[in-house]
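# Examining the three-dimensional arrangement
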Amino acid sequence: MATRMDLDGKPIKPMTICMIGAGGFIGSHLCEKLMAETPHKVLALDVYNDKIRHLLEPDSLPWAGRIQFHRLNIKHDSRLEGLIKMADLTINLAAICTPADYNTRPLDTIYSNFIDALPVVKYCSENNKRLIHFSTCEVYGKTVGSFLPKDSPLRQDPAYYVLKEDTSPCIFGSIEKQRWSYACAKQLIERLIYAEGAENGLEFTIVRPFNWIGPRMDFIPGIDGPSEGVPRVLACFSNNLLRHEPLKLVDGGQSQRTFVYIKDAIEAVLLMMENPDRANGQIFNVGNPNNEVTVRQLAEMMTEVYTKVSGEPALQVPTIDVSSKEFYGEGYDDSDKRIPDMTIINRQLGWNPKTSLWDLLESTLTYQHRTYAEAVKKSMVKPVAS
Ligand SMILES: NC(=O)c1ccc[n+]([C@@H]2O[C@H](COP(=O)([O-])OP(=O)(O)OC[C@H]3O[C@@H](n4cnc5c(N)ncnc54)[C@H](O)[C@@H]3O)[C@@H](O)[C@H]2O)c1
Ligand SMILES: O=c1ccn([C@@H]2O[C@H](COP(=O)(O)OP(=O)(O)O[C@H]3OC[C@@H](O)[C@H](O)[C@H]3O)[C@@H](O)[C@H]2O)c(=O)[nH]1
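Just so we're clear, the structure is a prediction, and the values are computed from it rather than from any experiment. (Residues numbered from 1 in each chain as written. Chains lettered and ligands numbered in written order. Predicted model: local features only at pLDDT ≥ 70, side-chain atom pairs only at ≥ 80, totals over all residues. Heavy atoms only, no water.)

### Examining the pairing of strand β1 (residues 16-20)
Stated formally: Exposed residues in this analysis have more than 50% of their type's maximum accessible area, buried residues have under 20%, and partly exposed residues fall in between, with area computed by a 1.4 Å probe over protein chains only. In DSSP terms, a helix is any run of H or I states spanning at least four residues, a strand is any run of E spanning at least two, and both are numbered starting from the N terminus. For two strands to be treated as a pair, DSSP must find no fewer than two bridges joining them.
When you tally the buried positions in β1, you get five out of five residues, the bulk of the element. Covered by surrounding structure in β1 are Thr16, Cys18 and Ile20 together with Ile17 and Met19, the residues of both alternating faces. Pairing of β1 with strand β2 (residues 41-46), which is carried by five bridges, proceeds in the parallel orientation. From the neighbouring strand, Thr16 faces β2, where its bridge partner is Lys41. As defined by bridge partners, β1 adjoins strand β4 (residues 89-92) across four bridges and the pair is classed as parallel. Pairing of Ile20 across the sheet is with Asn92, part of β4.

### A look at unusual backbone geometry
Cis peptide bonds are those with omega within 30 degrees of zero, and the linkage from Glu57 to Pro58 qualifies with -5 degrees. You can see Pro58 is positioned in the loop between α2 (53-56) and β3 (67-71). One non-glycine residue, Asn128, lies in positive phi territory at about 50 degrees. Among the structural elements, Asn128 can be located in the loop between α6 (118-126) and β5 (130-134). Residue classification places Asn128 among the exposed residues on the basis of a relative accessible area of 68%. The residue Asp218 is not glycine, and still its phi comes out positive at about 55 degrees. In this fold, Asp218 is placed in the loop between β8 (212-213) and α8 (233-242). The exposure class assigned to Asp218 is buried, which follows from its relative accessible area of 12%.

### Here's the deal with the environment of His369
Convention followed: Any pair of residues with heavy atoms lying within 4.5 Å of one another is described as a contacting pair.
Position of His369 relative to the elements: it lies in helix α14 (residues 357-380). Taking the C-alpha atoms as reference, His369 lies 34 Å from Gln178; in sequence the two are 191 residues apart. Dropping the residues within four chain positions of it, His369 is found in contact with Leu242, Tyr306, Val309, Ser310 and Glu312.

### A look at the side chain of Arg257
To keep things clear, this is the line we draw: Residues adjacent in sequence count toward polar contacts only when both atoms are side-chain atoms; beyond that, a polar contact is any pair of N or O atoms within 3.5 Å, and within protein one must be able to donate a hydrogen and the other to accept it.
Mapped onto the secondary structure, Arg257 falls in strand β10 (residues 256-258). Taking relative accessible area as the criterion, Arg257 reaches 8% and is therefore assigned buried. Looking at Arg257, its side chain comes within polar contact range of the side chain of Asp334, at 2.7 Å. Every residue in contact with Arg257, bar those within four places of it in the chain, is listed here: Arg179, Asn211, Asn291, Glu292, Val293, Asp334, Ser335 and Arg338.

### Remarks on the packing of aromatic side chains
Inclusion rule: Only centres within 6.5 Å qualify two rings of Phe, Tyr or Trp (six-membered ring in Trp) as a pair; their planes then separate them into stacked at under 30 degrees, edge-to-face at over 60, and tilted for everything else. A ring is considered to have a charge above it if a Lys NZ or an Arg CZ atom is located within 6 Å of its centre and within 35 degrees of its normal.
With the rule as written, the count across this model stands at seven aromatic pairs. Note on Tyr102 and Tyr182: the rings are 4.2 Å apart at their centroids and 5 degrees apart in plane angle, and the pair reads as stacked. Residue Tyr102 is located in helix α4 (residues 99-102), and its partner Tyr182 is located in helix α7 (residues 181-200); the two are separated by 80 residues in the primary sequence. Judged on exposure class, the residue Tyr102 and its partner Tyr182 are both buried. Arranged with centres 5.7 Å apart and planes meeting at 10 degrees, the rings of Phe172 and Trp180 form a pair that is stacked. Among the aromatic residues, those joined into a cluster by ring pairs are Phe327, Tyr328 and Tyr332. Over the aromatic face of Tyr140 sits the side chain of Arg208, whose NZ or CZ is 4.8 Å from the ring centroid. Looking at Lys337, its charged tip hangs above the ring of Tyr161, at a distance of 4.5 Å from the centre.

### Notes on the UniProt feature "domain: NAD-dependent epimerase/dehydratase" (unreviewed entry) in the chain
Keep this limit in mind: UniProt positions are given in the numbering used here, feature names are shortened, and annotations may be inferred rather than shown by experiment.
Here the UniProt-annotated "domain: NAD-dependent epimerase/dehydratase" (unreviewed entry) positions come out as residues 17-287. Segment residues 17-287 splits into 34% helix and 18% strand. End C-alpha atoms: 24 Å apart.

### Points about the site of ligand 1
Put simply, the rule reads: The near set for a molecule or strand comprises every residue that places at least one heavy atom within 4 Å of it. Only the protein chains shown count as covering a residue, and every accessible area follows the Shrake-Rupley method with a 1.4 Å probe. Residue polarity follows a fixed list, in which Ala, Val, Leu, Ile, Met, Phe, Trp, Tyr, Cys and Pro are nonpolar, Asp, Glu, Lys and Arg are charged, and the others, Gly among them, are polar.
The environment of ligand 1 is made up of 25 residues, and the closest members are Phe25, Asp46, Asn73, Tyr182 and Trp212. At 3.0 Å, a backbone N or O of Ile74 approaches a nitrogen atom of ligand 1. Tyr182 places a side-chain nitrogen or oxygen 2.7 Å from an oxygen atom of ligand 1. In isolation ligand 1 offers 820 Å² of accessible surface; the protein chains occlude 89% of this area. Considering only residue class, the shell around ligand 1 consists of 15 nonpolar, seven polar and three charged.

Structural data, given as structure tokens:
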């Protein structure tokens, strides 16, 4: 493998990375990239490894010696500090991060996103190890514009909705809106990491992902996850399409999101890892401001793309409306709009997303169809009563 150069033309030294939550959606793509394109070593920590098994087995894989899986729960495992000490860089991805959990399991959500991350920050700080911590775009909460009168022309002014790392406020709902338990826990861990940097010299980078989507995201209920489970929107809508049932639009599907392809986003993470001088002390939005849709538009586009990739006709009535109370339960609330400002990541790392929403849905839904269509069909064949 040719020596890799950083953005300033200096050779990049191979490093050892302690990746916590490596078995999840983002972790699996990051491991894949690191094995295929870099000389770095990964200590992969997670409770599960299904999504990275193709990188671990068989032993004859060209990178076999560079990735090591450690099955552990960071809530209670004394091996954590030793593994952080063995690495040059720690990346923390571990979290409960599905909205269906925020208002129904707020304690687990707060513990997972704040309390469980504390030892990771502490061990990095005490051992002078660099930390890349995964936060979320949800720390911005709602836009300032959402509080303006519905007909105010200022709602069209980007100053009232574009989300900027160093100037936008974090605006959450009331405490009884438990949806914000996740965002609030993520905000507090960001503040703690920032303070460790300021007071104790911790070298850190905080990542705020804006709806990264692609293959291996979450699970299909009843196939590789619980039948009653509610994953994030990509997997919810994929599940509906695979089962030929209407896509459920929560509160009319009026909320707006920007979606970025996981493979574009992983490029940004690799730049952060390999350019510490440019990434340390920074908070980065990572998203695609050009891929904005309402959830209703997303449902329509996914229906159209799925028809193309599966060859199966769309339903006559492809969507139905459902209230958030019915879908998520009491205490749900929503972010109205999420456009990332890209100035900082552009300036520091020269990164820009490339893939359009249509293209990323086409490759993702091709994967979903290939991976799940048969299994879903089988699961839907009802046993004949004897
Ligand atoms: N995917 C996105 O668009 C998105 C958006 C915003 C923020 N994020 C953040 O990025 C990170 C990764 O997200 P993801 O989409 O890959 O989610 P994911 O659920 O697929 O991955 C998280 C992984 O962490 C592991 N984990 C959780 N608790 C653990 C523990 N106590 N010990 C060991 N492992 C544990 C899980 O088993 C899982 O494999 C999270 O911190 C999330 O909040 C993701
Ligand atoms: O079946 C569904 C699922 C979801 N939705 C809606 O689709 C939108 C997006 O839902 P997602 O499940 O992807 O979750 P959100 O975008 O609200 O939050 C996510 O974004 C940032 C990350 O931190 C987390 O991964 C998650 O909190 C929401 O408005 C939700 O109400 C539906 O209309 N129908």
